[in-house]
Amino acid sequence: MSKTYEYVPEPALVKGNHDFGSITRLVTDINLRPTPKAWYIVFGISNLLLFVLLASIGYLIWQGTGIWGLNSTVNWGWAIINFVWWVGIGHAGTLISAILFLFRQNWRTAINRFAEAMTIFAVMCAGIFPAIHVGRIWVIYWVFPVPNSMAMWPNFNSPLLWDVFAISTYLTVSFLFWYVGLVPDFATLRDRIKSKFGKIAYGIAALGWRGSNRHWWNYEKAYMILAGLATPLVLSVHTIVSFDFAVSVIPGWHTTIFPPYFVAGAVFSGFAMVLTLMIIVRKIYGLEEIMTDDHIEKMNIIILVTGSMVGFAYLMEFFIAWYGQVEYEKAIFILRATGPYAWAYWIMITCNVLSPQFFWSKKLRRHVGFTFFISIVVNIGMWFERFVITVTSLSTDFLPSSWGYYSPTMWDMLTYLGTFGLFGTFFLLFLRFLPMIAVAELKGAMPQADPHNYNDEGEYAPHEEIIPEPKRSY
Amino acid sequence: MDSHSPKLTDSVSLPEHLDATKTFIGIGVVGLIASFVGFFLDSKQFFFSYLTSFTFFSSIALASLVLLMIHHVTKSSWGTVIRRIPEAFVSKLWVWALFFLPVIFGITSLYKWTNEAYVANDPILLGKQAYLNDIFFIVRQVLYFSIWGYFGYRLHKVSVEMDRTNDWGLTILLRKISAPGIPIFALTVAFASFDWLMSLDAHWFSTMFGVYFFAMSFQAIFPVLILFTFWFHSKGLLKNTIRQSHIYDMGAWFFGFTVFYAYIAFSQFLLIYYANIPEETLWFYHRMEGSWSFITYLLLAGRFALPFVIFLNRDRKHSRTLLGIVSVLILALHFVELHWIVMPTLHHHGMSLSWLDITTFFGLGGVFMGLFFMMLKKNNLVPVHDPGLKPSLAKEYHQ
């Protein structure tokens, strides 16, 4: 490595003996090769699930929200749980892209494209639920402040309306961010693809990119500005989702720590989802040299940190519920841990707080199989977190005579299952037609991009430094 | 190649004439004696003022502690050149703990929950007795300060040892101390903030309060670092070590945590304001009453709006004039905010600045800064053998 002063050299971002050309081939050949059969099979399954989603929504519109398991106190069930779950997952992409970019964390280049795509599709899945859960979906446009003859406006004081703005802004900026990053890579594909149609399609998407100095200058500026815009959005989206609950006076919902706690939880589940997908994809497409075990380790550390933050918030909630000595608040928390939904509560604690603690061990956080397992456990836990919040507080409301047990129906489950079809369909299309790694950015983070790594003859000659062992072990 | 690997060229010891230990200890002693006189005149006011000042300086030390831990865990190099400043703040936290004793002597004046007759007629406080009682309160303080004292002492000690032994392996040890330190820090600081500040109004509660106290303290640590850097430079110290790029970094961190502070403080306010439940809103109600409301708006304008607008611009993040002015402002407002948290318990209907606020500030500040200079002069001003130093020195500011 060039940096002579590095004492513990950061592990190389790209393993193997790659140069710029081989990186381009490794990534873009996936798009240029004929479509593998397995892809069609998985795509077919996704399409089937997508059909399940469409059918469930169709039946919902036909019949009304009565087909769900909602009852008189639990008026908000799986729809809101799934919404928050998917939005949460949609957090990692922008975090990796924007915040890690501002922090100059170069390791993000291997996974940012991939995570951004995941973000966009996850937010799309999330967006379905608030739209369909209103019941009369044909007047959904009422959520927008559209001037109308009835002089009716949405309730600007309602966080549900803020959500509409927050989510749509987030989706727009995430999409722009993703697209801007894609432009140089579109150009690469345009130049490499053989088919005429492909050339035209990628050519249009590349917006006339020629890689000139001026193009790069504009690109860097745009990317920087979008990163700056996206960073507060990462916080604001889930903050406003948390407001949906926290501005109310429902015990268990109204607590001031909700905003940062929801954001931490969202990043937590988002990273877990990126890991789940990444571990599969890097194996299938043979990208282990770019999405390395070091990346997995770094992401596991983020999972450990955010999982512990979530644990901190659970503890604060529980402590203050007792400390506040408000009867209703206390009762709700005791019921959460011991009541009819105690099973869900303990699943949540186990998956979200305890399971990430394994990552204190360096060995485990570098273990691919174990990471894959935990990444799924985490997202199960995060789904149950939203379940616990939504259902426990509603099912045992202020009037004990109305208490009842909430269970979902087949339609709740099919709709949720169907969103995986939507997600899978888009994600597979992404894998097939777009470069899943930000080739241009990755090259910029490679040692070959550092002019200090060339000798006077212009040959690539990275400077290796021998690092002495520590004098003793600590 | 080697032209790119920078070297430490500055002198790394604090010149004798700049050692302000004695001056500060002198100020401290005078301030504390004056405050002690105040104790006989108005003991209640004395304890409240003392608590405010104590919390102010403690918050600087605590923010330094977590900054160091994060620094070690993330292996970040930008801050290596300024690391001795936070290290000097935390190294003697165990001595600083002794200055909490007056608060313990004053708990009956400070905290209503210590009054048994009062608690007996209050079902809510009666319910909290398992946590809010004299003995457990004292036990917790001992626990907090032993933990902080230990971490502060160790982090400084190991870092200084590296200067002597020239063994970069000690950074591994620093990381091993810091990693478990961070969650322990989070819990102790949250509960300490409940004990010191939130329980002043024993009925009031907010799950965010620990995060809020952390956020305001962490915003205030960057102005401290910035001002010390400027002071060093004005004395001709570390001019080629702490460079423009580091000043820019501190400005950027300061900007980021200004937004974070505002986010936390505003979320806490908004949720309580919106839900409008009497047991929660009362706390803010008192702080929106009479002249206290003036401070509420001052904090909004001075601690968030002004620095946000100024430092949104990239170039201004390394303007020394602006950074200097805003740093002083933020530190002043950090004190004002703590005052605004503590004092409405004593003065319900409006501000009342007592001379004891000033004497306790200088008394405790003198001691705090005295301890700081004592540790600063003893060791090199930068960790000379830290392997992170070279990358830190190599940081260049790209326009």
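What you are looking at is a predicted structure, and each value in this text was computed from that prediction instead of being measured. (Residues numbered from 1 in each chain as written. Chains lettered and ligands numbered in written order. Predicted model: local features only at pLDDT ≥ 70, side-chain atom pairs only at ≥ 80, totals over all residues. Heavy atoms only, no water.)

Check the secondary structure of chain A and you find 16 helices and zero strands. Along the first, second and third principal axes, the C-alpha atoms of chain A reach 85 × 65 × 45 Å. Across chain A, contacts joining residues at least 24 apart in sequence account for 80% of those joining residues at least 6 apart. A total of about 20700 Å² of accessible surface is found on chain A, and carbon and sulfur atoms cover 69% of it. The distance from the centre of the 31 positive side-chain charges to the centre of the 29 negative ones in chain A is 6 Å. (Helix = DSSP H or I, 4+ residues; strand = E, 2+ residues; numbered from the N terminus. Contact = heavy atoms within 4.5 Å. Areas by Shrake-Rupley, 256 points an atom, 1.4 Å probe, with all protein chains shown as cover. Lys, Arg positive; Asp, Glu negative; His and termini not counted. Charge placed at Lys NZ, Arg CZ, Asp CG, Glu CD.)

Let's shift gears to the packing of aromatic side chains. Applying the stated criterion across every chain, the model contains 125 aromatic pairs over all chains. Residues F121 of chain A and F427 of chain A carry aromatic rings whose centres are separated by 6.3 Å and whose planes lie at 90° to one another, so their mutual orientation is edge-to-face. Within this pair, whereas F121 of chain A is found in helix α5 (residues 112-133), its partner F427 of chain A is found in helix α15 (residues 410-433), the two being separated by 306 residues in sequence. We note that F121 of chain A, like F427 of chain A, is buried. The interplanar angle of 70° and the centroid separation of 5.0 Å between the aromatic rings of Y328 of chain A and F398 of chain A together place this pair among those described as edge-to-face. Here Y328 of chain A, found in helix α11 (residues 327-338), pairs with F398 of chain A, found in the loop between α14 (368-395) and α15; they are 70 residues apart in sequence, far enough to count as distant. For Y328 of chain A, a relative accessible area of 48% gives the class partly exposed. Take F398 of chain A: its relative accessible area is 46%, and that puts it in the partly exposed class. Sitting over the face of the ring of Y131 of chain B, R140 of chain B holds its NZ or CZ atom 3.6 Å from the ring centroid. Over the ring of Y261 of chain B we find R303 of chain B; its NZ or CZ atom is 4.5 Å from the centre of that ring. (Phe/Tyr/Trp six-rings, centres within 6.5 Å; stacked < 30°, edge-to-face > 60°. Buried < 20%, exposed > 50% of the residue type's maximum accessible area, 1.4 Å probe, protein only. Lys NZ or Arg CZ within 6 Å of the ring centre and 35° of its normal.)

This brings us to the nonpolar core. Core analysis: the largest hydrophobic core is formed by 282 residues, its most contacted members being W86 and F114 of chain A. Here this core spans two domains, and each of domain 1 (15-201 + 354-386) and domain 2 (204-353) of chain B adds at least three residues to it. Contact partners of W86 of chain A, with chain neighbours within four places excluded, come to A122, C125, A126, F129, M273, Y416, T419, F420 and F423 of chain A. (Core = buried A, V, L, I, M, F, W, Y, C linked by side-chain atoms within 4.5 Å. Domains from an automatic or database assignment.)

The subject of this paragraph is helix α7 (residues 196-205) of chain A. All names here are of chain A. Within the span of α7, buried status applies to G198, Y202 and A205. Relative to the axis of α7, the buried residues are bounded by an arc of 50° and lie together on one face. Along α7, the residues that are exposed and aim more than 90 degrees away from the buried face are K196, F197 and I204. Buried residues belonging to α7 abut α1 (20-32), α6 (159-192) and α15. Once α7 finishes, L207 follows within two positions and takes phi at roughly 55°, a positive value. (Arc of directions from axis to C-beta.)

What follows is about the interface of chain B and chain A. When the parts of a complex come together, some accessible area is lost, and that lost area is often taken as the interface size. Opposite the 57 residues of chain B that make contact, chain A presents 47 residues. Carbon and sulfur atoms supply 73% of the area that chain B and chain A bury against each other, a total of about 4400 Å² over both sides. Together, W168, T207 and L271 of chain B form the three largest contributors to the area buried by chain B at its contact with chain A, with a combined 17%. One can count zero salt bridges joining chain B with chain A. Connecting chain B to chain A are 11 residue pairs in polar contact (both at pLDDT 80 or more). Only α8 (123-127), α10 (170-196), α12 (244-275), α13 (278-287) and α17 (389-393) of chain B provide two or more residues apiece to the side of chain B that touches chain A. (Buried area = accessible area lost by both parts, 1.4 Å probe. Salt bridge = Lys/Arg side-chain N within 4 Å of Asp/Glu carboxyl O. Polar contact = N/O pair within 3.5 Å; in protein donor to acceptor, adjacent residues only side chain to side chain.)

Turning to unusual backbone geometry, a few remarks are in order. Residues and elements named next belong to chain A. Not every positive phi belongs to a glycine, and A151 is a case in point at roughly 55°. Inspection of the secondary structure puts A151 in the loop between α5 and α6. Owing to a relative accessible area of 58%, A151 belongs among the exposed residues under this scheme. Residue Q325 is not a glycine yet carries a positive backbone phi of 55°.

A separate point is the domain arrangement of chain B. Residues and elements named next belong to chain B. When its domains are assigned, chain B resolves into domain 1 (15-201 + 354-386) and domain 2 (204-353). Between the C-alpha centres of domain 1 and domain 2 the distance comes to 19 Å. Linking domain 1 with domain 2 are zero salt bridges. Inspection of the region where domain 1 meets domain 2 yields three residue pairs in polar contact (both at pLDDT 80 or more). Of the residues forming the side of domain 1 that touches domain 2, the biggest block, 17 residues, is contributed by helix α2 (residues 43-73).

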